[in-house]
Amino acid sequence: MNTVDGRTTSALLYLDGVHVSFDGFKAINNLSLTLAPGEMRAIIGPNGAGKTTMMDIITGKTRPDEGIVLFDGTTDLTRLDETHIAELGIGRKFQKPTVFESQTVEDNLLLALNVDHSVRGTLFWRQNRSDTERIDRVLETIRLTDARKRLAGSLSHGQKQWLEIGMLLAQDPKLLLVDEPVAGMTDVETQQTAELLKQINRDHTVMVVEHDMSFVRELGVKVTCLHEGTVLAEGTIDQVSSNERVIEVYLGR
Ligand SMILES: Nc1ncnc2c1ncn2[C@@H]1O[C@H](COP(=O)(O)OP(=O)(O)OP(=O)(O)O)[C@@H](O)[C@H]1O
Ligand SMILES: [Mg+2]
């Protein structure tokens, strides 16, 4: 338990009373949400509900107008820039994969592993044994061991998404934020991505935004439904998907 300004939280991520407006439009409106250490949380909600904006706030891309955002009990994320927040161990995967297409799968992971070194450090850096072991482990997790020497550009869309998740894992973040990982994936890839995230969640805290309800159901974790920048419902997938307001604004569309 840590105390900040009289507030106590054992949560890894704690948002309370967060507000963000863009030109008078309230994108985030009194948003409160907590993530326990080790938890995986699924975030659902209609287009424009504020899911991505919430991730922008956590990662320092967007500053809240008001409210509290704490990481690891004591760190006020609203005072830090994106680089600093990434260094604290918050990794984010955007919807579109941004792998280096002309590099091999393995080299993409090496680049990610070495991301916080200086340019000079990168030039003179040599791969050591623990790096190799970590990359082997990541490759296995993301199911790309057999593709390690392939160019990232030759991977399927789903494999590129996994590689990007692997690039985050290489940095061993405390919290992983994943925005719509299965958009554009085949059913088989979607199913495998659910397995992959469950495996990652064994030793990482994860927040995953997704519209694919069968994928969310497969994850089997607590679900938060956002609407108009605030929490509309929270609970098991069965509780949330039978909530009348959730059906009205989202599922029943
Ligand atoms: N930088 C910005 N400037 C202006 N408006 C923004 C900005 N970022 C987000 N918005 C607006 O805030 C609202 C919430 O957007 P956000 O992208 O967070 O929704 P979302 O829940 O991720 O939706 P989707 O499911 O479509 O990805 C939208 O109306 C969006 O247009
Ligand atoms: Mg979004």
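One numbering rule holds for all chains: residues counted from 1, following each sequence as written. All chains are assigned letters beginning at A, and all ligands numbers beginning at 1, according to the order in which they are written. Only residues with pLDDT of 70 or above have their local features reported here, since the model is predicted, and side-chain atom pairs are shown and tallied only from 80 upward, although totals for entire chains, interfaces and linings are computed over all residues. Neither water nor hydrogens contribute to the side-chain values; these are computed over all heavy atoms in the structure.

Caption draft 1: Structural view of the site of ligand 1. Distances are taken per atom, and a residue is near a molecule or strand as soon as one of its heavy atoms is within 4 Å of it. The immediate surroundings of ligand 1 are formed by 13 residues, with Asn47, Lys51, Thr52, Thr53 and His211 found nearest. Lysine 51 has a polar side-chain atom sitting 2.7 Å from an oxygen atom of ligand 1. Under the rule applied, a polar contact is a pair of N or O atoms within 3.5 Å (in protein, one hydrogen donor and one hydrogen acceptor; residues adjacent in sequence only if both atoms are side-chain atoms). Within the side chain of glutamate 180, an N or O atom sits 3.4 Å from an oxygen atom of ligand 1. To be clear on the numbers: accessible area is Shrake-Rupley with a 1.4 Å probe, and residue cover counts the displayed protein chains and nothing else. Within the complex, 61% of the 630 Å² of free accessible area of ligand 1 lies under protein. In DSSP terms, a helix is any run of H or I states spanning at least four residues, a strand is any run of E spanning at least two, and both are numbered starting from the N terminus. Only strand 4 (25–35) and helix 1 (51–58) provide two or more residues apiece to the shell around ligand 1. Top contributing element to the shell around ligand 1 by residue count: helix 1, with three residues. Looking at side-chain class alone, the shell around ligand 1 contains five nonpolar, six polar and two charged residues. As a working rule, the residues Ala, Val, Leu, Ile, Met, Phe, Trp, Tyr, Cys and Pro are called nonpolar, Asp, Glu, Lys and Arg charged, and the rest polar, with Gly in that last group.

Caption draft 2: Layout of the nonpolar core. As used in this record, nonpolar core signifies buried Ala, Val, Leu, Ile, Met, Phe, Trp, Tyr and Cys residues forming a set joined through side-chain atoms within 4.5 Å. Note on exposure labels: buried denotes an accessible area under 20% of the residue type's maximum, exposed denotes more than 50%, and partly exposed covers the range between, all computed with a 1.4 Å probe on protein chains only. Grouped together as the largest cluster of nonpolar side chains are 46 residues, with contacts concentrated most on Ile142, Leu144, Leu163, Ile200, Val208, Phe215 and Leu219. Element by element, the count of residues in this core is highest for helix 6 (residues 157–169), at six residues. Working rule for contacts: check all heavy atoms of both residues, and any pair within 4.5 Å makes them a contact. Leaving out residues up to four positions away in the same chain, leucine 219 has contacts with Met40, Ala42, Ala194, Leu197, Lys198 and Val208. Counting 26 residues, the second-largest nonpolar core is a separate cluster that includes Leu15, Val20, Leu77 and Val209.

Caption draft 3: Structural view of the sheet that holds strand 11 (residues 222–227). We call two strands paired when DSSP finds no fewer than two bridges between them. Here six strands make up an open sheet; going across it, the order is 8-9-10-5-11-12 and the pairing mixed. Each having just a single partner strand, strand 8 (90–93) and strand 12 (230–235) make up the two edges of the open sheet. Direction aside, neighbouring strands of the sheet carry axes that sit 20° apart on average. Pairing of strand 11 with strand 12, which is carried by five bridges, proceeds in the antiparallel orientation. Bridge pairing links threonine 224 to glutamate 234 in strand 12. Only the stretch in contact is used when a helix axis is fitted, and all axes are lines through C-alpha atoms; the angle between N-to-C directions ranges over 0 to 180 degrees. Sheet strands in contact with helix 1 are strand 5 (40–44), strand 8, strand 9 (175–179), strand 10 (205–209) and strand 11, and its direction is about 150° off that of strand 9. Set on the sheet, helix 10 (residues 244–251) makes contact with strand 5, strand 11 and strand 12; between it and strand 12 the angle comes to about 120°.

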